[in-house]
Structure formats: structure tokens, C-alpha cells
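Analysis of the macromolecular model
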Amino acid sequence: MLAVISGPSGVGKGTVIKEMFRLRPSLKESVSCTTRAPRAGERDGVDYFFVSRERFLQMIEGGELLEYSEHFENYYGTPRAFVEKTLLSGDIILEIDVDGALSVKAAHPSAVLIMIEPPDMDELKRRLEKRGTESGEKVALRISRAEYELSKKDKYDYCVVNEDVTAAAKRILEIIDAEKEVLL
Ligand code: 5GP
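One structure accompanies this document, and this report is about it. (Residues numbered from 1 in each chain as written. Predicted model: local features only at pLDDT ≥ 70, side-chain atom pairs only at ≥ 80, totals over all residues. Heavy atoms only, no water.)

This part covers the sheet that holds strand β3 (residues 33–34). Taken together, four strands build an open sheet; the order of strands is β4-β3-β6-β5 and the sheet is mixed. Each having just a single partner strand, β4 (49–50) and β5 (65–71) make up the two edges of the open sheet. One ladder, built from two bridges, connects β3 with strand β6 (residues 74–79); its direction is antiparallel. The residue of β6 that forms the bridge with Cys33 is Gly77. (Pairing = 2+ DSSP bridges. Helix = DSSP H or I, 4+ residues; strand = E, 2+ residues; numbered from the N terminus.)

Turning to the pairing of β6, a few remarks are in order. Within β6, six of the six residues are buried, leaving the element largely enclosed by the surrounding structure. Alignment of β5 against β6, held across six bridges, turns out to be antiparallel. The partner of Glu67 across the bridge, within β6, is Thr78. Hairpin remark: β5 followed by β6, antiparallel, with two residues in the connecting loop; positive phi at Phe72, about 50°. (Buried < 20%, exposed > 50% of the residue type's maximum accessible area, 1.4 Å probe, protein only.)

A few words now on the pattern of salt bridges. Two side chains that carry opposite charge are able to pair once their charged atoms sit near each other. In this structure the tally under the stated criterion is 16 salt bridges. Notably, a salt bridge pairs Glu70 with Arg53, separated by 3.1 Å at the nearest N-O pair. Highlighted residues: Glu70 in strand β5 and Arg53 in helix α2 (residues 53–61), separated in sequence by 17 residues. When salt bridges with common partners are traced through the structure, they connect Asp97, Asp99, Arg145 and Glu149 into a single cluster. (Salt bridge = Lys/Arg side-chain N within 4 Å of Asp/Glu carboxyl O.)

Bringing helix α1 (residues 13–23) into the picture now. An α-helical segment advances 3.6 residues per turn. Residues three or four places apart therefore align on the same side. Among the residues of α1, Lys13, Val16, Ile17, Glu19, Met20 and Phe21 are the ones counted as buried. Where α1 is buried, its residues contact β1 (2–6), β2 (28–29), β7 (92–95), β8 (112–117) and α7 (165–183). (Contact = heavy atoms within 4.5 Å.)

This paragraph deals with the pairing of β7. In this structure, β1 lies alongside β7, joined through four bridges in parallel fashion. Residue pairing for β7: Leu2 is matched across the bridge by Ile92. Sheet topology note: the β2/β7 ladder contains two bridges and is parallel. Bridge pairing in β7 places Lys28 opposite Ile92.

To continue, consider the site of the ligand. Residues in close proximity to the ligand total 17 residues, the closest being Ser32, Arg36, Tyr48, Tyr76 and Asp97. At a separation of 3.0 Å, an oxygen atom of the ligand approaches a polar side-chain atom of Arg39. Asp97 places a polar side-chain atom, nitrogen or oxygen, 2.6 Å from a nitrogen atom of the ligand. Relative to its unbound accessible surface of 510 Å², the ligand loses 95% to contact with the protein. When its residues are assigned to classes, the shell around the ligand shows four nonpolar, six polar and seven charged. (Near = heavy atom within 4 Å. Polar contact = N/O pair within 3.5 Å; in protein donor to acceptor, adjacent residues only side chain to side chain. Areas by Shrake-Rupley, 256 points an atom, 1.4 Å probe, with all protein chains shown as cover. Nonpolar A, V, L, I, M, F, W, Y, C, P; charged D, E, K, R; others polar.)

Scanning the entire structure with this criterion turns up five aromatic pairs. The interplanar angle of 75° and the centroid separation of 6.3 Å between the aromatic rings of Phe56 and Tyr68 together place this pair among those described as edge-to-face. Here Phe56 is found in helix α2, whereas its partner Tyr68 is found in strand β5, with 12 residues between them in sequence. Taking relative accessible area as the criterion, Phe56 reaches 0% and is therefore assigned buried. Put simply, the rings of Tyr48, Phe50 and Tyr76 touch in pairs and so form one group of aromatic residues. (Phe/Tyr/Trp six-rings, centres within 6.5 Å; stacked < 30°, edge-to-face > 60°.)

Here it is as C-alpha cells:
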């Protein structure tokens, strides 16, 4: 089972996914590559593989990425080999943006696309502003990107509102289990 989780920046995707792993340690998560700089506390090979632009372009050329997209002036992509190997034996979660999610669905039609939504847009804007890691300008960029991401939600198989982290994580696990029943 390949489950693709998207949601606007600041919606709490990372926290929900962490809770899913706590509840179900057998899940595997793909670690993406990015050309953006690490934020405080982020670790190479855990949060992302932090690579140079040159290396990223090489990976695109060499067909090493299942999908990639460019936003906030940086590239983000999913390493193909890990996903394809893991899929042979278990469930894998990709946390990627809407453009990447739609490319994955085109390549793997059985992938289940799940959008995490904020309880409301004002709350999301407050969360983005509170994230001290971004400049004022970047917050505005992320808000307009969030609006773009949410505008694509009708292309997703499921939408889950992140009112409560544990409830959202449980709901996504239920979706994965129900979809697996359909596949079997
Ligand atoms: P951030 O810079 O906040 O970590 O991530 C910015 C955006 O990039 C998020 O919407 C995140 O889901 C997306 N993203 C992270 N990894 C990937 C990836 O491998 N592929 C694509 N297409 N988007 C990604």
C-alpha cells in the first residue's frame, strides 16, 4: 500500500505522521531529497536528504526520482529505489506536495491520496506566522501556496481535518486499512 499524504505547510502533517508511526511502528516513510537548507533540528537522512542543486539535477537526469517538484525556489523529490523496494513487502507513506502526489497517482494508480486540512484557514495563517523560521515574505508565499494546495483537494481520495493529532492519525490508519481490504 502506497499512501500519499499532502497538506499545506503549517497544517501539522509532520506531527500527524509521527503519531501514525507511534501507533503503528511497522509503517515505513520515504525520506525525500531537497535542495533547501536544513532548519534547526533537522537531520540529514532523517528529515530529508539535503543535496546540492547539481546533485538533484543529476538525480532527475538519471531517473532516480519517482517524482519531483520545485517550489519556494527549491527542489523536492522522492527517491524511486527505496519506494519500489519497500512496496514489495509493506506499507509506505509519502509526505509530498499536490503536484508530486498527482504524478505518483499517474505512475501508481492504486496509490491512495490523503489531504490533511486545517480546521480553518485563519488558524493556518496564525500557525505559519508563528513559525519563527521563515521571513515575513516567505510566510506570505507559503500562505498562497497553502491556498493552491487546498484548491486541489477534490483530486484526492480522502480529506482529513487536523483538529486533533491522534484522531487525525487514527483516521488515516483506518483509511489505509480499509483501502488494503479493497486491494486484497
Ligand atoms: P518544507 O520545506 O516545509 O519541508 O516542505 C515544503 C513542501 O514540500 C511541503 O508541501 C512538502 O509536502 C513538500 N515535499 C516534501 N518532500 C517532497 C517530495 O519528495 N516531493 C514533492 N513533490 N514535494 C515534497
